[in-house]
Amino acid sequence: MKKIFIVLLLFILLTFVFTVKSDEQLGEIEISENSFLIDANAIDTQINFYTDNSITKPKLIITLLSGDVDKLEDITSISQDKTTLTFGDFSSLSFGNKQTNNGIGLMVATITTGCLLFTRFNIGGNKSTTTTTTLTILVIGTIFFIGLSHSITLSEVSIRIDFKVPSTFKFEKLDLKLGSGSSNIIGLSSNSINIDSCFNLKDHKINLSNAIVTSSLNICSTQNIDIKNLIQSSNSLINLKTKSNVTLNFSNGYSGILDIYSNSLKIDETCDINVNGFNTTGSCNDGTLSKLVINANGVTITGTSFLTQTPTTSTPTTSTPTSTPTLTNTPTSTPTSTPTPTTTPTTTPTTTPTTTPTTTPTTTPTDSCPTTSTWRPTMASSSSPNSPSFSSVTPILDINFDKSNLGFRSRYKFNEKSIADGPNGVGNSFSINFNETYSPDSNWLISKISSPVLRTNVNYIFSFNFKLGQALSSDNTISSITISFYNPIDLPDPNVLEYFDQPTALPLFTKTITSGNFSSSTTFQPNGIPIKPTIDIGLSLMAIQINRTKQNSIPINLYFSDMKLTIPSKTFTDPISFLTKDSELVYISKASSSFDSQNTSTCPYLSMDLVHWHDKTIWSSGIVPLPNASSNIILPAGKRVLISPCSISQTDIYKKITIPSTSELIFSDANITMHVQDIYVQGKFTMGTKECRYNAFINLIFHGNKTTTDTIATNFGGSKGIAVASGGFISVQGKQYHNTWSKLSSTAWSGDSTIYIQDSVNWEVGQQVLITTSVYKDELYNQNEVLTIAAISGKKIQFTTPLKYYHYGGQEYQSEVGLLSRRIVFQGDLTSSDSQQFGGHVLVSGEGQFSGLSLVRFGQRNIKGRYPLHYHLANNVTKSFISDCSVIDSYYRCFTIHGTNGVTLTRNVAFNATGHCYYLEDGVEVDNTISYNLGAFVHTIGAPAAGYDQYGQDFIQSNDLTQPADSAAACFYITNAANSFIGNSASGGWAGFAFPNLPRPIGNHLSVSIVPSQYITKVWEGNTAHSSGYYFEFGASIYVGGLLTYNDNTGLLQYSSGRESRDTFMNGFNSSSKVWMRFNNTKVFLSNRGLSMWGERTEAVYLESHDSRRPASLFGEAWLSNALVNGQSGNILSSSVEYTRQGFQFYDTYVQTIISNIVFRNYIRYANAPSNEEDNRVIISMTHSSEFLPQGISVSKNITIQNTTTSQFIGHNIPVNSTGSSRFFNFIDWDGSLTGKGVPTLIGSHEKFWQFDNSCSFNSDWNCYICAKGTREIANVQFWVSGLISRDDPQNNDDSIGTISLFGDGITDRRSTRVIHTAGITGVSNAGWYLYLNGGTPTYMKIWLAQVIYNNYLFLAIPYPPNSKFSVSSEYKYNSNYNFNFTTETSAAAVRSGDGKKYYFDGTHLFVKVINFKLNGTESFNRSGAKVYDVYWEFLIHITASNTNTPPVNGFFTGLIDTLPSSNL
């Protein structure tokens, strides 16, 4: 009886302790974010997703199906930002609560134990019974304590998640990371959906019905995947991977790319499929736009009829393993998901893994991999997917507007909250809020993005849905809504809060509606405004004016949704003709059209001495190393290790891999994804070779949070990337796509979906393509676009979506078209890269070869040496190159050469980078070849260097600006010119090409004794730059200027962005001969100043400039020749009045400039120009100053002017406040070709001082005197008078202190100009100059003959009182042989006809003929048969006067009569 009692009691207790709960609702979780991740891989999960319009936000209801869970918090954890829900054992975080919940159990345990003890000591029995009872008590006690202390056993837990969402809610991104179970998802709407149940290889069946996906759908499962009635946008990506079967049915057809990895695919019966070898294409629902490409090598496709064609390439002969393939997320085609728009590129290319990696290994991935030495995985094919046929109809394009791209403006009473989010659950909506009473009855919404080009007589629609926030009343009655398009300069900056009433300028187009659906406060009502322009509208901003009947007496709200501008669909045909060359005049060289030769017998994976990574016998531990958070996997010494897709986990993160100096890591040419933090290469890293470029889609994803610690190696290599030690070698070489970039061969308009380029290419359907901007201010009006190829043939490309913007492809210039996609991709992880601006990087201190590689989200902001692809202190290399690679969305630079010589950097594309892109770092890098590269959309770090004077701004190194010159970030940054630059193109940037001046090297090379700025380019041929230079008044697309120095005291770099002289020598040393820095075959367009050179010696030969403010700004001895300078092209975006254009601006002092053999074209008068210099004129000068005065420094020869009225030939400005530089403006038209005179012609300013004879006439359009030059030349002298006029103290003060007048040669009238405190008078030689000073003539003066050229003279007359005595002499500072004491002559006429060593005083005027005796006729700068004469330093005339009858006052003879000398002299 006792035993029965004990057994019964044990049963009751065990049942109590180990009771399994079921169907218990644990709780609810509301989702507040539209991007959400559910990580339930650790427990069995059943997901039911359905819509429920009784709620306003998504809600999760979690029900326990089995397992011992007391409350929701025991198995869930929500991230701090509310975007991630994780299921696991979190019971230890609420142990106190568990004690409370288990109180009843504790009470029962205590009572029961007490009963048993009573039984033990009070029920009689023998010794055996006593022992049994004691044992029973111990067992039961143990059971109770186990019951009280056990943790949750996740393997026994099963839950159901009822996922409820309102029907109007759309996720931006929904990620589900699942273990075992099933998912039944109905009606889900999201931009992207990622479902991963492959993470721990547990069975999870997935059913997806009536889902709406606009960007990408990625599903990985070990079970069947069933998808029904899927609604996809035409350009989205579907990526499905399973060991089982896939059923796929579309609701609306499909034209994107399917990436399938399964046993079989049962596809929608409406799809017609064509199979061509490994390529499968087709269309669904018979739609002309529904073209799809299926990348499903080896998958059995059923459910429709399809045509099989003979493969165009032979099937690989290497054996294929028969085991079940390992599931990965490696794409079998280039990722083609619709890029997500950002605030920077119009569309940002994306290369995103479809699973979330972990640092904890989930499985050993090597079980199915053979380890025999001869086994290899099936290698990838080089074949491309077949292109569908081209559609002849462009799709409709909607350009959406919301609070993110609209700025609110009003006369008063508004703030940043005046425009806000719309009602909950209403997509693409926003509100306008008048929170204060009596707010203005009119307000504006101004677009922050530039509008598409609108064509004449095309019907566009501007539409929106509207709802009142309050019931209709007089406070919120809409009287009218007007949509207008304005030139951007006529509107306030929509990004800056400022009061605004009305534009002062008329709009380019406007349309008003006074009646519409504006009365409902319960439902959104549709409204549309038809737009049919009567002219083509180029660069513009859209502005919407909303008018109410009166000011509001109560706070009110207006709601808008689905606001958009719609470009209609259209039928198009191919253009009749295309460009046959990219330039009219210059020659822009191109890369060879030949592909790199290949020899597949040399492929590294074929070597028979390889060992497999997955072979445990090669590892010293006898175990294949698994990825984990702290592992450092060191390859076996002396081994060449082959990685295959089944060798590694493709979802877990490998912390660090080290390749010893005697080892080599070789990748198979097979699709593979690898997650890693660090790779340290002391030996060799091989992923293809020059003769065996890989065809596989290989994806290396680099992980790691921001750090400045060297985790790759001790004191070397940084973190989150690959570092190759000195003596190491890396080769990463993927499939060659050629050309990597081209140019448009015809203009592409907004709404077009097909473009035509100048070169045939082998690009592929699904790849992403960049089209660069055709606007001037690239950063302000970003119109770069990234699109996905839908169809391609030769030079014709069709995209999955239409172009938003206009891209010019006229004969003058063309937007570049670059391929961004590559089959091998190195990318930074999404988790830490964007948020911390900390991507991956590759650093090579040995030899490195790279081709066919794309680097995405690479570079580490403001961390020196952590650039996407970087040769680091490798010295002289012989085998290194970077060819046909791409860098996309870089946080810090693109391609860097640092302390390395001999690198070839060619045919690469870089887009959307921060900081200098193609980067020569320290100033010692020479003998590198940088050719045929494209750089585009490059951003400064921090505020761009600006300034309105020549000296720009200064920047000092800081944590936020490690390299201060990044304030002027350029596509190509060149600290030492002694390299070759051929055929490169730069779109955007502060400058396209920047040559900063370094007086000594920086960084690791401070002690190297060279002057980097003294070197010239080895080769400069055929380079192009555009859409840059506008931040700085003197900025340029090719900018040779700025000063970068290192401060030894502070240890900091300093950058000054403005004028800095540059002296250049043959070998870079000033002991060698002086040489000119030459730019050959250069093209600039849409530039502030095309080429700007602050240096001492410059030549630009063969230059084309279009739509630039000025083609060039050249200093020192400068020659511009054989040029085409076009003020206005056919580009509609450049025809606005945002900036005017001038053909050439002559400088104002101490330079020598010759322009020859130039065609100027299309300088059209701008009626509203505030001055001639700001009009569209061919020739202007600098007339802003009285501090800097011109000499005879400018010459033109063989000038042709086309399609320009004569009035626009010269634009001389007469400032309201007169300036010396304006009065002394001059130049020589060497052959009369510019002025049309046909003989050598002298052009002088508006002052009559230039009217030296009867050949001179005044041109009122030009504000200049035009004279037959004859034997005259330009002369310049400086009168130096102590305390009055000084060369050493120039003043920007134009107050007159006297006059200088022409005399003699029959001149009887006053032809004079004023004399000011700044020394310098410029006029014509071989003429009489009469100097009169208002305050009297000094007793002593010096006259510097700055420019009185050989065989020329000036005949000077200066007033003195009668009976004055004189001492006149000449002095040459550097040779006393030219020092003469002048003697008196008998007449003024004798002085003029004499030898220049005599003077004469007639009682009123002292006459002196001044000649520079030192000259021999060689003192000139000569080009194209023209000359500019030198300013010759320090030849002086001294005049000392005395007078005992009329003594001077304070050194001046005063009271002198201003009398012009005789006209007969």
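Reading guide: rules and limits
Residues numbered from 1 in each chain as written. Predicted model: local features only at pLDDT ≥ 70, side-chain atom pairs only at ≥ 80, totals over all residues. Heavy atoms only, no water. Helix = DSSP H or I, 4+ residues; strand = E, 2+ residues; numbered from the N terminus. Buried < 20%, exposed > 50% of the residue type's maximum accessible area, 1.4 Å probe, protein only. Areas by Shrake-Rupley, 256 points an atom, 1.4 Å probe, with all protein chains shown as cover. Salt bridge = Lys/Arg side-chain N within 4 Å of Asp/Glu carboxyl O. Pairing = 2+ DSSP bridges. Axes fitted to C-alpha atoms, helices over the stretch in contact; angles between N-to-C directions. Contact = heavy atoms within 4.5 Å. Polar contact = N/O pair within 3.5 Å; in protein donor to acceptor, adjacent residues only side chain to side chain. Disulfide = S-S within 2.5 Å. Core = buried A, V, L, I, M, F, W, Y, C linked by side-chain atoms within 4.5 Å. pLDDT = per-residue confidence, 0-100. Phe/Tyr/Trp six-rings, centres within 6.5 Å; stacked < 30°, edge-to-face > 60°. Lys NZ or Arg CZ within 6 Å of the ring centre and 35° of its normal.

**Student:** Whenever I open this one, the overall build of the protein chain confuses me. Can you help?
**Tutor:** Regarding its fold elements, the protein chain presents seven helices and 101 strands. Every one of the 1465 residues in the protein chain was classed for burial, and the buried ones make up 60%. Accessible surface, the protein chain as shown: approximately 53,000 Å² in total, 50% of it carbon and sulfur.

**Student:** Explanation requested: the pattern of salt bridges in the structure shown.
**Tutor:** The final tally for this structure, using the stated rule, is 42 salt bridges. Of the charged contacts in the structure, one is a salt bridge between Glu1099 and Arg1423, with a shortest N-O distance of 2.8 Å. One end of the pair, Glu1099, is in strand E75 (residues 1097-1106); the other, Arg1423, is in strand E98 (residues 1420-1423), with 324 residues separating them in the sequence. For the pair formed by Glu1099 and Arg1423, the shared burial category is buried. The salt bridge involving Arg1310 is made with Asp1458; its shortest N-O contact spans 2.8 Å. You can see Arg1310 sitting in the loop between strand E87 (1298-1303) and strand E88 (1312-1315) and its partner Asp1458 sitting in the segment after strand E101 (1452-1453), a full 148 residues away along the chain. By relative accessible area, which is 32% here, Asp1458 ends up partly exposed. Within the structure, one salt-bridge network assembled from shared partners comprises Asp596, Arg693, Asp884 and Arg907.

**Student:** How should the sheet that holds strand E47 (residues 754-756) be read in this particular structure?
**Tutor:** Where strands meet in a sheet, backbone hydrogen bonds hold them as pairs that are either parallel or antiparallel. The six strands lie next to each other as E46-E51-E48-E49-E50-E47, forming an open sheet whose pairing is antiparallel. The open sheet terminates on both sides in strands that have one partner only, identified here as strand E46 (741-743) and E47. This sheet shows a mean twist of 35 degrees between the axes of neighbouring strands, independent of strand direction. Both strand E49 (residues 785-793) and strand E50 (residues 796-799) contribute to a ladder of four bridges, which runs antiparallel. Residue pairing across strands places Ser793 opposite Lys796, the latter belonging to E50.

**Student:** Would you take a moment to explain the sheet that holds strand E95 (residues 1383-1384) for this structure?
**Tutor:** Taken together, the seven strands give an open sheet; going across it, the order is E88-E87-E90-E93-E97-E96-E95, and neighbouring strands pair in mixed fashion. In the strand order of this sheet, the two ends are held by E88 and E95, each with one partner. Relative to strand E90 (residues 1328-1333), E87 is paired through six bridges, and the arrangement is antiparallel. Bridging across to E90, Ser1301 finds its partner in Tyr1330.

**Student:** Please explain the pairing of strand E8 (residues 171-178) as it appears in this structure.
**Tutor:** Consecutive residues of a regular strand have side chains that alternate between opposite faces of the sheet. Among the eight residues in E8, six count as buried, and that is most of the element. Direction of pairing for strand E2 (residues 35-40) relative to E8: parallel, over a ladder of six bridges. Among the inter-strand pairings, Ser35 is bridged to a residue of E8, identified as Lys173. Looking at chain direction, E8 and strand E10 (residues 189-196) are connected through six bridges and run parallel. Considered in E10, the bridge of Phe171 is made with Ser190.

**Student:** Explanation requested: the environment of Gly989 in the structure shown.
**Tutor:** Mapped onto the elements of the fold, Gly989 is located in the loop between strand E68 (985-987) and strand E69 (991-997). On a C-alpha basis, the gap between Gly989 and His1026 in space is 9.0 Å, while along the polypeptide they are 37 residues apart. The residues contacting Gly989, other than those within four sequence positions of it, are Asp778, Val938, Ala969, Ser1027, Ser1028 and Gly1029.

**Student:** Even after reading the chapter, I still don't get the environment of Asn876, so can you show me in this structure?
**Tutor:** Within the secondary structure, Asn876 is located in strand E56 (residues 869-876). The spatial distance from the C-alpha of Asn876 to the C-alpha of Asp927 is 9.3 Å, given a sequence separation of 51 residues. Of the polar contacts made by the side chain of Asn876, one reaches the side chain of Asn901; its length is 3.0 Å.

**Student:** Could you clarify how one ought to interpret the state of the cysteines in this entry?
**Tutor:** Any covalent bond linking the sulfur atoms of two cysteines counts as a disulfide. Under the criterion given, the structure shown has five disulfides. In this model Cys369 forms its disulfide with Cys646; the gap between the sulfur atoms is 1.6 Å. Judged by the sign of its S-S torsion, about 125 degrees, the bond between Cys369 and Cys646 is right-handed. One end of the pair, Cys369, is in the loop between strand E22 (306-309) and strand E23 (393-394); the other, Cys646, is in the loop between strand E38 (640-643) and strand E39 (653-659), with 277 residues separating them in the sequence. Taking relative accessible area as the criterion, Cys646 reaches 10% and is therefore assigned buried.

**Student:** Would you take a moment to explain the pairing of strand E6 (residues 84-87) for this structure?
**Tutor:** Alternating positions in E6 separate cleanly, Leu85 and Phe87 being buried on one face and Thr84 and Thr86 remaining unburied on the opposite face. Sheet topology note: the strand E5 (residues 76-78)/E6 ladder contains three bridges and is antiparallel. Its bridge partner lying in E6, Ser77 is registered against Thr86.

**Student:** Looking at this structure, I do not really get the side chain of His1026. What am I missing?
**Tutor:** With respect to the helices and strands, the residue His1026 is situated in strand E70 (residues 1019-1028). The exposure class of His1026 is buried, given its relative accessible area of 0%. With near-sequence residues (within four places) excluded, His1026 lies in contact with Thr772, Thr773, Glu816, Ala986, Ser987, Gly988, Ser1037, Phe1085, Leu1086 and Ser1087.

**Student:** Explain the nonpolar core here, please?
**Tutor:** One recurring pattern in soluble globular proteins: nonpolar side chains tend to sit buried together. Trp613, Phe685, Phe826, Phe850 and Phe1160 are the most contacted members of the largest nonpolar core, which totals 110 residues. Non-local contacts of Phe1160, meaning those with residues more than four positions away in its chain, are made with Val1125, Gly1143, Phe1144, Ile1155, Val1178, Ile1179, Ile1199, Thr1200, Ile1201 and Gln1202. Membership of the second largest hydrophobic core comes to 79 residues, among which are Cys1267, Trp1280, Leu1356 and Ile1411.

**Student:** Quick question: what am I supposed to make of the confidence of the model for the protein chain here?
**Tutor:** Do not read the predicted coordinates in detail wherever pLDDT is low. Mean pLDDT over the protein chain stands at 88; residues scoring 70 or higher make up 87%. The model gives residues 286-291 a pLDDT under 50, and that stretch makes 23 contacts with residues more than four places away or in other chains.

**Student:** How should I be thinking about the environment of Ser418 in this particular structure?
**Tutor:** Mapped onto the elements, Ser418 comes out in the loop between strand E25 (406-409) and strand E26 (419-421). In sequence terms Ser418 and Gly407 are eleven residues apart; their C-alpha atoms lie 9.4 Å from each other. Apart from the residues within four sequence positions on either side, Ser418 is in contact with Phe408, Ser431, Ile432 and Asn433. A polar atom in the side chain of Ser418 sits 3.0 Å from the backbone nitrogen of Asn415.

**Student:** Please clarify how the packing of aromatic side chains should be interpreted in this entry.
**Tutor:** Remark: the centre distance and the inter-plane angle together describe each pair of aromatic rings, the angle taken between the planes. If you walk through the whole model with that rule in mind, you get 72 aromatic pairs. Ring geometry for Tyr605 versus Tyr694: centroids 5.8 Å apart, planes at 55 degrees, classification tilted. A residue pair is termed long-range when its members are at least 10 positions apart, and Tyr605 in the loop between strand E35 (570-571) and strand E36 (610-612) and Tyr694 in the loop between strand E42 (684-687) and strand E43 (698-702) qualify at 89 residues. Through successive ring pairs, a cluster of aromatic residues spans Phe895, Tyr918, Phe972, Phe981, Phe993, Phe995, Trp1020 and Phe1079. Directly above the ring of Tyr1139 sits Arg1141, whose terminal nitrogen or CZ lies 4.3 Å from the centroid. One residue, Lys1397, lies across the ring of Phe1380, its end atom 3.8 Å from the ring centre.

**Student:** In this structure, what is going on with unusual backbone geometry? I would like to understand it.
**Tutor:** Among all residues save glycine, negative phi is the norm, and among peptide bonds the norm is trans. Omega for the bond connecting His738 with Asn739 falls within 30 degrees of zero, at -5 degrees, which places this linkage in the cis form. One can find Asn739 in the loop between strand E45 (729-733) and E46. Its identity is not glycine, yet Asn715 carries a phi of approximately 55 degrees, on the positive side. With respect to the helices and strands, Asn715 occurs in the loop between E43 and strand E44 (721-724). With a phi close to 50 degrees, Gln837 is a non-glycine residue in the positive phi region. Topologically, Gln837 is positioned in the loop between helix H5 (830-836) and strand E53 (841-844).

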